[in-house]
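# A closer look at the structure
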Amino acid sequence: MSTVLVIAPLVAILAYLIYMGASSLNLAFFTHIPAPVGQPGGGMSNAIVGSGIVLGLASLMGIPVGIGAGVYLAEFGRGRFLATAIRFTADVLNGVPSIVMGIAAWVVLVDGRGFSAFAGGVALAIMMVPTIARTTEEMLATVPHAIREAALGLGVPKWRTVMSVSLKTASPGIITGCMLAFARVAGETAPLLFTAFGNQFWSFKLTEPIAALPLQIYEYAISPYDEWHRLAWAGSLVLIVMIMVAVTLVRIYAARGILKGAS
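Structure report, in brief. Along each chain, the written sequence defines residue order, and numbers are assigned to residues from 1. A pLDDT threshold of at least 70 governs which residues receive local features in this predicted model, and a stricter bar of 80 or more applies before side-chain atom pairs are shown or counted, although totals over entire chains, interfaces and linings include all residues. Side-chain numbers here rest on the full set of heavy atoms in the structure, without hydrogens or water.

### Let's talk about the overall build of the protein
In terms of helices and strands, the protein carries 11 helices and 0 strands. The helix count covers DSSP runs of H or I at least four residues long, the strand count covers runs of E at least two residues long, and both are numbered beginning at the N terminus. Overall, the protein shows an N-to-C arrangement of helices and strands of α-α-α-α-α-α-α-α-α-α-α. Across its three principal directions, the C-alpha atoms of the protein cover 70 × 50 × 35 Å. Per-residue accessibility, obtained with a 1.4 Å probe over protein chains only, is compared with the maximum for each type, and a residue is labelled buried under 20%, exposed over 50%, and partly exposed between these values. Classification of the 263 residues of the protein by burial places 41% in the buried group. Across the protein, contacts joining residues at least 24 apart in sequence account for 75% of those joining residues at least 6 apart. To measure how exposed things are, a 1.4 Å probe is used in the Shrake-Rupley method; for residues, cover is taken only from the protein chains shown. Surface exposure of the protein reaches about 14,000 Å², of which carbon and sulfur atoms provide 72%. The charge count includes Lys and Arg as positive and Asp and Glu as negative, but it does not include His or the ends of the chains. For the purpose of locating charges, the reference atoms are NZ of Lys, CZ of Arg, CG of Asp and CD of Glu. In the protein, the 15 positive side-chain charges and the 11 negative ones have mean positions that sit 14 Å from each other. Pairs of residues are marked as contacts when any of their non-hydrogen atoms sit within 4.5 Å.

### What to know about the pattern of salt bridges
Salt bridge criterion: a side-chain nitrogen from Lys or Arg within 4 Å of a carboxyl oxygen from Asp or Glu. Tallying each qualifying case throughout the model produces 6 salt bridges. Here R148 and E75 are joined by a salt bridge, their closest N and O atoms 2.8 Å apart. Here R148 is found in helix α7 (residues 145–153), whereas its partner E75 is found in helix α3 (residues 45–76), with 73 residues between them in sequence. Using a relative accessible area of 8% as the deciding quantity, one classes R148 as buried. Under the relative-accessibility criterion, E75 is labelled buried at 7%. In this structure, R230 and E227 form a salt bridge, with 2.2 Å as the shortest nitrogen-oxygen distance. With R230 and E227 both in helix α11 (residues 226–262) and 3 residues apart, the pair spans about one turn of that helix. The exposure class of E227 is partly exposed, given its relative accessible area of 24%.

### Looking at α3
Counted at 1.5 Å a residue, the expected span for α3 with its 32 residues is 46 Å, and the 45 Å between its end C-alpha atoms agrees. Along its length, α3 shows its largest kink, about 25°, at G62, and proline P64 lies within four residues downstream of that point. Each helix should span, by expectation, one fewer than its residue count multiplied by 1.5 Å. Take the seven residues that end at a residue and the seven that start at it, fit an axis to each, and the angle between those axes is the bend at that residue.

### Some details on the environment of K168
Structurally, the position occupied by K168 is in helix α8 (residues 158–186). K168 sits 25 residues away from V143 along the chain, and the two C-alpha atoms are 9.8 Å apart.

### A look at empty space enclosed by the protein
Residues are said to line a cavity or pocket when one of their atoms sits within 4 Å of a point; the points come from a 1 Å grid over protein atoms alone, cavities being sets where a 1.4 Å probe fits but cannot get out and pockets being open sets with protein on both sides within 12 Å along at least five of seven lines. Grid points are joined across faces, edges and corners, and a volume is the space filled by probe spheres set on the points. Scanning the entire structure with this criterion turns up 2 cavities of 30 Å³ or more. The volume enclosed by the largest cavity comes to roughly 40 Å³. When contributions to the lining of the largest cavity are tallied by element, the ones reaching two or more residues are α3 and α8. If one sorts the elements of the lining of the largest cavity by residue count, α3 sits on top with 3 residues. Amino acid classes used here: Ala, Val, Leu, Ile, Met, Phe, Trp, Tyr, Cys and Pro are nonpolar; Asp, Glu, Lys and Arg are charged; the rest, including Gly, are polar. Residue composition of the lining of the largest cavity, grouped by class: 8 nonpolar, 1 polar and 1 charged. Looking at the second largest cavity, its volume works out to about 40 Å³. Lining the second largest cavity we find N46, V49, G50, F201, W202, S203, F204, I210 and A211. Each residue belonging to the lining of the second largest cavity can be placed in one class, and the counts come to 6 nonpolar, 3 polar and no charged.

### Focus on the nonpolar core
Counting 44 residues, the largest nonpolar core has F29, M44, L124, M128, L192 and L213 as its most contacted members. Only α3, α6 (117–141), α8, α10 (213–221) and α11 provide two or more residues apiece to this core. If you tally residues by element for this core, the top one is α8, at 9 residues. Residue contacts for F29: discarding those within four places in its chain leaves S24, G42, G43, M44, S45, I48, L231, A234, G235 and V238. Here the nonpolar core consists of buried residues drawn from Ala, Val, Leu, Ile, Met, Phe, Trp, Tyr and Cys, with membership extended through side-chain atoms lying within 4.5 Å.

### Some details on the packing of α6 against α8
Remark: α6 packs on α8, axes separated minimally by 8 Å, with the N-to-C direction vectors making an angle of 150°. With respect to α8, the axis of α6 lies roughly antiparallel. Crossing angle aside, the handedness with which α6 passes α8 is right-handed. Residue-level inspection shows L124, M127, M128, T131, I132, T135, T136, M139 and L140 of α6 in contact with α8, the latter providing S166, L167, A170, G173, I174, G177, C178, A181, F182, R184 and V185. For the contact of α6 with α8, the residue count by class is 13 nonpolar, 6 polar and 1 charged. All axes here are fitted lines through C-alpha atoms, helices being fitted over the stretch that makes contact, and every angle between N-to-C directions spans 0 to 180 degrees. Any angle that is under 35 degrees is reported as roughly parallel, and any over 145 degrees as roughly antiparallel; angles of 65 to 115 degrees are reported as roughly perpendicular and all others as oblique. Each helix crossing is assigned a hand: it is left-handed if the near helix lies turned anticlockwise from the far helix by less than a right angle, otherwise right-handed if that turn is clockwise.

Function-wise, these values are silent; they only describe arrangement.
The structure is reproduced here in structure tokens:
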């Protein structure tokens, strides 16, 4: 019953998105940019690519920092004041509203410089770090001390033990934490409103405003046009499918890597 209660909302949301958005999906949706106001058709190709760019930047910046922080907390920072401060900061950041993250990124990176894809990636990366750091710490804490002691007893340096033994053993949980952080930020709109801002045209420069699916969906959803509402439902369906596909591919790749390593 508990499993059904957990899965039922996801199934209901996905089914409703398919019902509302599937009919609006066509080749033009994936190949055309948004049409001007009052003209039918158009698509979200630039927003799909823009989301990939911003999320890629966020992952490149957030995942290494988050895993590094988690490794320090679990392996090197026990009992130290700095570790306590990092742990407290991560817990606080996990509860900070995303719009506050967006405002902070705007003050540091946008004010006086202009909106940009890079600023959007930084804002999302900051949101990813606390989740990844705390998950990495908890997963490393589950690695038996006997495994570490065996490696150290063979003369393996501690840093090598952490890299080759602890991280490898805890990798399934760490990857899950990375996926949770990625899924959390993939649909965020508020931080991107203050950083990436959105763009109705193609843009691949990291120093310019860029389109993103959450921004495009938000703009279409609050508009008074039925055509844009239809495209907003289609964009919502594409966004959730993109997240599900990305998470699934990571799980498959991780599982194969673990099996190959074990053999």
